[in-house]
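# Observations on the model geometry
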Amino acid sequence: MRTSSQLFLAVFDSDSNPFSQHDFIGRVSVDLSNFRNNTVYILIYNLYKTAKCEPRRGAAPLGSIKIRLRLELEDERTLLLSNFELPASVYVNVESKKDFNVIHKTVVGNVDLKRYGLGNINSYVNELWSYLVVYYFLEDAFVSLLLWRG
């Protein structure tokens, strides 16, 4: 685990029919960098079809999930120093295509951001515009700090 690790949670219905896929309900990505060692947290998250792109804003949640989380770290210093190394690759093997689809939608989400389309291009453009707005605020704060007369 790293300090920038994320926990991916997704909710599916369970289909006992081997010819039908488990239906995706929603997902959430939990950033573990905000939690302290050996502290129990009770968290409630809203579920969305994706956590990474624009359709999430203004969209009604697809449900919610309540989890109890506790991090157990042997050595916090080792965890901090792990950020200076490349993360190890993680491979997951499954027995069926049905299980693979569940894991893929849990990690990636229901929206394919690598697919070309106007919706994905618009979400990337909106993300870049939001960074530009933040840049203007930071530039104004920096100039105010340098030219401060008090």
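Presented here is an overview of the structure given in this document. Residue indices begin from 1 for each chain and proceed along its sequence in written order. Note on the predicted model: pLDDT of at least 70 is required for a residue's local features to be given, and 80 or more for side-chain atom pairs to be given and counted; whole-chain, interface and lining totals, by contrast, use all residues. Side-chain numbers here rest on the full set of heavy atoms in the structure, without hydrogens or water.

## Some thoughts on unusual backbone geometry
Our working definition: Only DSSP runs of H or I covering at least 4 residues are called helices, and only runs of E covering at least 2 are called strands; the numbering of each starts at the N terminus.
A positive phi angle is found at N38, which is not glycine, with a value near 55°. With respect to the helices and strands, N38 occurs in the loop between β2 (24–31) and β3 (40–47).

## A short note on the layout of surface pockets
To be explicit about the condition: A 1.4 Å probe that fits but cannot get out identifies a cavity on a 1 Å grid over protein atoms alone, an open set with protein on both sides within 12 Å along at least five of seven lines counts as a pocket, and a residue lines either if it has an atom within 4 Å of a point. Grid points are joined across faces, edges and corners, and a volume is the space filled by probe spheres set on the points. Under the convention adopted here, Pro, Cys and the residues Ala, Val, Leu, Ile, Met, Phe, Trp and Tyr are nonpolar, Asp, Glu, Lys and Arg are charged, and Gly plus all remaining residues are polar.
The computed volume of the largest pocket comes to approximately 300 Å³. As for the largest pocket, its lining consists of S4, S5, Q6, L7, F8, V90, V92, I103 and V107. Mapped onto the lining of the largest pocket, the elements with two or more residues apiece are β1 (6–12) and α2 (97–107). If one sorts the elements of the lining of the largest pocket by residue count, β1 sits on top with three residues. A breakdown of the residues in the lining of the largest pocket according to their chemical character gives six nonpolar, three polar and no charged.

## Considering a nonpolar patch on the surface
Selection rule: In this scheme, patches are assembled from residues that exceed 30% relative accessible area and form no salt bridge. Like charges are connected within 9 Å, while nonpolar side chains (Val, Leu, Ile, Met, Phe, Trp, Tyr) are connected within 5 Å. In these tables, accessible area is a Shrake-Rupley quantity obtained with a 1.4 Å probe, and a residue counts as shielded only by the protein chains included in the view. Take a side-chain nitrogen of Lys or Arg and a carboxyl oxygen of Asp or Glu: if they are within 4 Å of each other, that pair is a salt bridge.
A cluster of nonpolar side chains, V90, V92, V94, F100, I103 and V107, forms an exposed patch at the surface whose accessible area comes to about 500 Å². Following the sequence through the fold, V90 ends up in the loop between α1 (76–81) and α2.

## A look at the packing of aromatic side chains
For clarity, the cut-off: Stacked, edge-to-face and tilted labels apply to pairs of Phe, Tyr and Trp rings (six-membered ring for Trp) whose centres lie within 6.5 Å, assigned for plane angles under 30 degrees, over 60, and everything in between, in that order.
This structure, assessed with the given rule, holds three aromatic pairs. Measuring from ring centre to ring centre gives 5.3 Å for F12 and F24, while their planes differ by 65°; the resulting arrangement is edge-to-face. With F12 in strand β1 and F24 in strand β2, the pair connects residues that are twelve residues apart, well separated along the chain. A centroid spacing of 6.0 Å and a plane angle of 55° characterise the contact between Y135 and Y136, whose relative ring orientation is tilted.

## A short note on the pattern of salt bridges
Put simply, the rule reads: Categorising residues by exposure relies on relative accessible area from a 1.4 Å probe, with only protein chains included: less than 20% of the type maximum marks a residue as buried, more than 50% marks it as exposed, and the intermediate range marks it as partly exposed.
Scanning the entire structure with this criterion turns up one salt bridge. E72 serves as the salt-bridge partner of R70, at 2.1 Å between the closest nitrogen and oxygen. What makes E72 exposed here is its relative accessible area of 55%.

## Things to note about the nonpolar core
Note the threshold: In this description, a nonpolar core means a group of buried Ala, Val, Leu, Ile, Met, Phe, Trp, Tyr and Cys residues linked to one another through side-chain atoms lying within 4.5 Å. Residues count as neighbours in contact if any of their non-hydrogen atoms are within 4.5 Å of one another.
Among the nonpolar cores identified, the biggest contains eleven residues, and these are L9, V28, V30, L32, F35, L43, L47, I65, I67, L69 and L71. Those elements that provide at least two residues to this core are β2, β3 and β4 (63–70). Here this core gets three residues from one element, more than from any other, and that element is β4. Among residues more than four places away in sequence, those in contact with L9 are G26, R27, V28, V30, I67 and T106.

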